[in-house]
Amino acid sequence: ELLHRLSMHLSSSLDMQSVAQMALQDLCAIFKAQEGLVFVPDTLMSKNFDIIAGTHWNLEALRTSNLKMQMEIGSGLAGWVAQHRQAALVADVTQDPRWHTFPGLDDWVRGAMSVPLMGGETLVGVLSLYSDQPNFFNADHLYLAESAAAPIAVAINNARLFKALSTYSENLEQRVTERTSELQAQYARLDAVLQSISDGVIVTDTRGIILQLNPVAQNWLNQMLTPEDAERLKQAVIELSQSAMQRPDIVLELQGVDLELRAAPILEFMIPPAAERQPQASVVVVVHDISHLKALDRMKSRFVSNVSHELRTPITTIGAYAQLSRRGAP
């Protein structure tokens with residue numbers, strides 16, 4: 001009946017302290033023990049054990065006091081059980097060298113029983129029961145306590161794993177949130193840079209389909225250029241995107257504006273369902289207004305043409321007179 005009740009209670013919670021407290025209350029009730037304690041390691045590899053359950057102890061009050069709420073492996077009866085991983089039945093603690101002083105127990109405890117809580121090969125904790133009468137616990141009590149220790153250990157171990165998984169999940173969620181915030185900040189900065197660039201920036205796929213524009217490029221395609229020139233610009237973007245690996249550049253002389261276009265690939269390595277990995281590329285096309293440079297170039301050409309024209313006429317005349325002078329008398 002006890003084992004059945006334990007299985008019912010232990011399966012109802014995944015809180016380690018609640019599981020230990022319910023198991024302890026059931027055992028103390030059927031054994032009529034005055035007190036019981038459950039010790040578990042504060043960490044998996046630690047030699048220090050914390051008290052997580054007690055039938056009559058105010059654990060929260062004790063934790064805020066100066067009383068020692070821990071035992072060490074090898075120290076005291078529970079420490080001996082943790083070290084040797086075997087149960088101990090003590091008729092009179094005053095006659096047993098393994099017993100040592102423990103706050104709240106020394107002044108009245110006489111009989112004691114302690115069993116290890118084993119989860120497979122791992123020590124999950126130690127369960128101890130105490131009585132104010134010597135020779136109170138017998139072999140039948142010990143047999144039943146050892147039988148109950150197995151499901152208690154499994155329940156405590158499951159509760160510990162659940163807590164560890166919950167903590168890991170919370171930490172993972174926090175890291176995901178932090179990383180998401182970092183990425184959002186990076187995207188915001190990149191978008192701000194893209195929006196503030198004075199040149200036109202056009203992002204396309206490998207086929208030349210426009211995916212993203214900054215305001216300058218959008219203004220050229222939708223407002224400044226005539227429909228014919230806008231179509232020429234789009235066609236040039238498509239041609240550059242399809243040969244972006246060669247990083248091509250061209251100059252478009254449009255009505256009222258001269259644009260220089262340069263294309264470059266952006267490689268993003270994706271993991272396809274197949275075994276092979278192939279880079280899927282997108283393209284960025286930078287459109288630079290070189291109208292002022294073209295105007296200067298045209299001015300230079302006109303200047304050279306005008307100078308050569310203006311100099312050709314007098315030089316020709318001078319040459320003709322020089323030839324006549326050579327023919328005449330000295």
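Reading the values: rules and limits
Residues numbered from 1 in each chain as written. Predicted model: local features only at pLDDT ≥ 70, side-chain atom pairs only at ≥ 80, totals over all residues. Heavy atoms only, no water. Buried < 20%, exposed > 50% of the residue type's maximum accessible area, 1.4 Å probe, protein only. Helix = DSSP H or I, 4+ residues; strand = E, 2+ residues; numbered from the N terminus. Pairing = 2+ DSSP bridges. 1 Å grid on protein atoms, 1.4 Å probe; cavity = no way out; pocket = protein on both sides within 12 Å on 5 of 7 lines; lining within 4 Å. Points joined across faces, edges and corners; volume = space filled by probe spheres on them. Nonpolar A, V, L, I, M, F, W, Y, C, P; charged D, E, K, R; others polar. Patch = residues over 30% accessible without salt bridge, like charges linked within 9 Å, V, L, I, M, F, W, Y side chains within 5 Å. Areas by Shrake-Rupley, 256 points an atom, 1.4 Å probe, with all protein chains shown as cover. Salt bridge = Lys/Arg side-chain N within 4 Å of Asp/Glu carboxyl O. Axes fitted to C-alpha atoms, helices over the stretch in contact; angles between N-to-C directions. Parallel < 35°, antiparallel > 145°, perpendicular 65-115°, else oblique. Left-handed = near helix turned anticlockwise from the far one by under 90°. Contact = heavy atoms within 4.5 Å. pLDDT = per-residue confidence, 0-100. Phe/Tyr/Trp six-rings, centres within 6.5 Å; stacked < 30°, edge-to-face > 60°.

### Concerning the pairing of strand 2 (residues 48-54)
Moving on, step 1. Counted residue by residue, strand 2 has five buried out of seven residues, so it is predominantly covered.
Moving on, step 2. In this structure, strand 1 (residues 35-41) lies alongside strand 2, joined through five bridges in antiparallel fashion. Paired with L37 across the bridge in strand 2 is G54.

### Brief notes about empty space enclosed by the protein
Moving on, step 1. Tallying each qualifying case throughout the model produces one cavity of 30 Å³ or more.
Moving on, step 2. Considering only enclosed or pocket space, the largest cavity measures out at about 100 Å³ in volume.
Moving on, step 3. Around the largest cavity, the lining residues are L37, F39, M71, S75, G76, L77, A78, W99, H100, F102, L105 and Y130.
Moving on, step 4. A breakdown of the residues in the lining of the largest cavity according to their chemical character gives nine nonpolar, three polar and no charged.

### Some words on a nonpolar patch on the surface
Moving on, step 1. A cluster of nonpolar residues, F303, V304, V307, L311 and I315, forms a patch on the protein surface that exposes about 470 Å² of accessible area.
Moving on, step 2. Positionally, V307 belongs in helix 8 (residues 291-327).

### What about the packing of helix 1 (residues 2-10) against helix 5 (residues 139-196)?
Moving on, step 1. For the pair helix 1 and helix 5, interaxial distance at closest approach is 10 Å and the crossing angle is 15°. Accordingly, the angle class assigned to the pair helix 1 and helix 5 is roughly parallel. Where helix 1 crosses over helix 5, the handedness of that crossing is right-handed. Together, L2, L3, L6 and L10 of helix 1 and L144, S147, A148, P151, I152 and A155 of helix 5 make up the contact between the two elements.
Moving on, step 2. Residue classes in the contact of helix 1 with helix 5 are distributed as nine nonpolar, one polar and no charged.

### A short note on the packing of helix 2 (residues 16-31) against helix 5
Moving on, step 1. Following both chains from N to C, one finds helix 2 and helix 5 inclined at 165°, their axes separated by 9 Å at the closest point. By the angle between their axes, helix 2 is roughly antiparallel relative to helix 5. Between helix 2 and helix 5 lies a crossing whose hand is right-handed. Judged by residue contacts, M16, V19, A20, A23, L27 and F31 of helix 2 engage H141, L144, A145, A148, I152, A155, I156, A159 and R160 from helix 5.
Moving on, step 2. Per-class residue counts for the contact of helix 2 with helix 5 are 13 nonpolar, one polar and one charged.

### A word on the environment of A82
Moving on, step 1. In this structure, A82 sits in helix 4 (residues 76-84).
Moving on, step 2. Taking the relative accessible area as the measure of exposure, A82 reaches 3% and is therefore buried.
Moving on, step 3. The residues contacting A82, other than those within four sequence positions of it, are F49, M71, I73, L123 and V126.

### Re the side chain of D26
Moving on, step 1. Within the secondary structure, D26 sits in helix 2.
Moving on, step 2. Apart from the residues within four sequence positions on either side, D26 is in contact with L2, R5, L6 and H9.

### Describing the confidence of the model for the chain
Moving on, step 1. Chain-level statistics for the chain give a pLDDT mean of 82 and a share of 89% at 70 or above.
Moving on, step 2. Mean pLDDT values over the elements of the chain span from 51, in helix 3 (residues 59-63), up to 93, in strand 4 (residues 88-90).
Moving on, step 3. Per-residue pLDDT stays below 50 along residues 64-68; that stretch engages in four contacts with residues further than four places along the chain or on separate chains.
Moving on, step 4. Counting contacts from residues 269-279, a segment whose pLDDT is below 50, to residues more than four positions away or on other chains yields eight contacts.

### A short note on the packing of aromatic side chains
Moving on, step 1. Within the structure shown, the criterion is met by two aromatic pairs.
Moving on, step 2. The interplanar angle of 75° and the centroid separation of 5.9 Å between the aromatic rings of W99 and Y130 together place this pair among those described as edge-to-face. Linking W99 in the loop between strand 4 and strand 5 (111-119) with Y130 in strand 6 (residues 122-131), this pair joins segments that are 31 residues apart in sequence.
Moving on, step 3. Of the residues examined, Y130 reaches a relative accessible area of 4% and is grouped as buried.
Moving on, step 4. With 5.0 Å between their ring centres and 90° between their planes, F136 and F137 make a pair best called edge-to-face. Comparing F136 with F137 shows no difference in burial state: the two are buried.

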